[in-house]
Structure formats: C-alpha cells, structure tokens
Amino acid sequence: MKAARRIAIEIVGWGLLLAGIAALVLPGPGLLMIFAALAVLSQQYEWAERRLDPVKYRALKGAAESVETRARIAASTIGAVLLAVAGVVWISDPDVPGWWPLAEGWWLPGGAATGITQIASAFIAVALLVYSYRRFHGKPDAVAALEREIDQADEDFRGR
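What counts as what
Residues numbered from 1 in each chain as written. Predicted model: local features only at pLDDT ≥ 70, side-chain atom pairs only at ≥ 80, totals over all residues. Heavy atoms only, no water. Phe/Tyr/Trp six-rings, centres within 6.5 Å; stacked < 30°, edge-to-face > 60°. Helix = DSSP H or I, 4+ residues; strand = E, 2+ residues; numbered from the N terminus. Buried < 20%, exposed > 50% of the residue type's maximum accessible area, 1.4 Å probe, protein only. Axes fitted to C-alpha atoms, helices over the stretch in contact; angles between N-to-C directions. Left-handed = near helix turned anticlockwise from the far one by under 90°. Contact = heavy atoms within 4.5 Å. Nonpolar A, V, L, I, M, F, W, Y, C, P; charged D, E, K, R; others polar. Salt bridge = Lys/Arg side-chain N within 4 Å of Asp/Glu carboxyl O. Core = buried A, V, L, I, M, F, W, Y, C linked by side-chain atoms within 4.5 Å.

**Student:** What is the right way to look at the packing of aromatic side chains in this model?
**Tutor:** Aromatic ring pairs are described here by two measures, namely the spacing of the ring centres and the angle between the planes. In total, this model carries six aromatic pairs according to the counting rule given. Measuring from centroid to centroid gives 6.3 Å for Trp-14 and Tyr-45, while their planes differ by 65°, and the two rings are edge-to-face. On the criterion of sequence distance, the pair formed by Trp-14 in helix α1 (residues 2–23) and Tyr-45 in the loop between α2 (30–41) and α3 (46–66) is long-range, its members being 31 residues apart. Tyr-45 gets classed as partly exposed once you look at its relative accessible area, which sits at 21%. With a centroid separation of 5.8 Å and an interplanar angle of 40°, the aromatic rings of Trp-14 and Trp-47 are classed as tilted. Within this pair, whereas Trp-14 is found in helix α1, its partner Trp-47 is found in helix α3, the two being separated by 33 residues in sequence. By relative accessible area, which is 34% here, Trp-14 ends up partly exposed. Taking relative accessible area as the criterion, Trp-47 reaches 27% and is therefore assigned partly exposed. Joined through ring pairs, the aromatic side chains of Trp-14, Tyr-45 and Trp-47 make up one cluster.

**Student:** Would you take a moment to explain the packing of α2 against α3 for this structure?
**Tutor:** Packed helix pairs are characterised by how far apart their axes lie and by the angle those axes make with each other. Where α2 meets α3, the axes come as close as 8 Å, and the angle between the chain directions of the two elements is 145°. Pair α2 / α3 crosses with left-handed handedness. Every residue of α3 that contacts α2 at Phe-35, Leu-38, Ala-39 and Leu-41 is listed here: Trp-47, Ala-48, Arg-51, Leu-52, Val-55 and Lys-56. Across the contact of α2 with α3, the residue classes tally to eight nonpolar, no polar and two charged.

**Student:** Honestly, the pattern of salt bridges in this entry has me stumped. Any pointers?
**Tutor:** Side chains carrying opposite charge are able to pair once their charged atoms draw close together. Applying the stated criterion across every chain yields a total of five salt bridges. Between Glu-10 and Arg-6 there is a salt bridge; the shortest N-O distance is 3.7 Å. Residue Glu-10 and its partner Arg-6 are located together in helix α1, separated by four residues, close to a single helical turn. Looking at Arg-6, the relative accessible area reads 40%, which means it is partly exposed. With a closest N to O distance of 3.1 Å, Arg-72 and Glu-68 form a salt bridge. A relative accessible area of 48% places Glu-68 in the partly exposed class.

**Student:** How should the nonpolar core be read in this particular structure?
**Tutor:** In summary, soluble globular proteins display a tendency toward joint burial of nonpolar side chains. The biggest cluster of nonpolar side chains holds 11 residues, and these are Tyr-57, Leu-60, Ala-63, Ala-64, Val-67, Ile-73, Leu-129, Phe-136, Leu-146, Ile-150 and Ala-153. For this core, the secondary-structure elements that each account for two or more residues are α3, α5 (111–136) and α6 (140–159). If we ignore the near neighbours within four places in the chain, the residues touching Ile-73 are Ser-66, Val-67, Leu-129, Tyr-133 and His-137. Counting residues in hydrophobic clusters, the runner-up holds seven residues, among them Ile-34, Leu-41, Ala-48 and Leu-52.

Structure follows, in structure tokens:
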C-alpha cells in the first residue's frame, strides 16, 4: 500500500508541476498548479517542502497586488472574461477564416480540450480575484501581515 501511495504522489505531483510550468506561458493557473505540485511532492521530498512556503507567500503577494487599484481589478476581470470567450470560441470550432496565414492545422490547436481548460482557468481566475479582493483590498493591515510572513519565510528559507 505504501508503494502505491508513493507512486500516486509521484505521478500527481510531477504531473501538476509540469502542467504548472506549461501554464506559466499557456492559458492556465500556472503558479497555483506549481504550488499544488509542491504541496503534493512535499509529502515525499524535503526540497519540495522547503520551497512550499516561499512559493505560497509569493503567490499571496501577487494576489494582494492584483487588487491594489481599480485598474488592476478591471484588467484582471477583463482578462478572465476574454479567456472564457476564447474558450467558447475554441469549443465552437469555427471554420478557418480566409485571412489565416498559416496551415489549417494551426487554427485553434487543441480543439475542445483547450477551450474547456480556458474556461476552467477563467473561473479559477475569477475565484482567485474574489478571494484576493475579500482578503486584501482596502486592508493595509492584512498586506502588512503578509509582508511580515514573507520576510520570516525568507529568513527561515535562508537559515535551512
């Protein structure tokens, strides 16, 4: 049973890590998946456990910064809506337009699976935006507490 658990942790952890790295440049919640991968892999590897807190705090700092101004909130919301719209377009699979300069195979690659992940990513982005807004917007004490936690995590990380 221990071997099966270890294999499952390895598959899920490394799969999430690869998907998270890919999602940093492709549509998707890359940092969230990398954090999840480190959380899973930290059950087996000390190196993953050591990197878990710094990644978590950097993600939370990004969340706090994303709701600092109305312009950032609007940009994030528009980005999520555009991502969902792109997903719908991918799923609907329109014909290749006449102006498309590349081969037909390069038109909307990935098909419906790509569209579904784009829509899922848009929902995750909205959920994270709501979370960030509720936790950090207009709450300088919460941001200051987070910055203290980041400083402490950095000291702990350097001390290991």
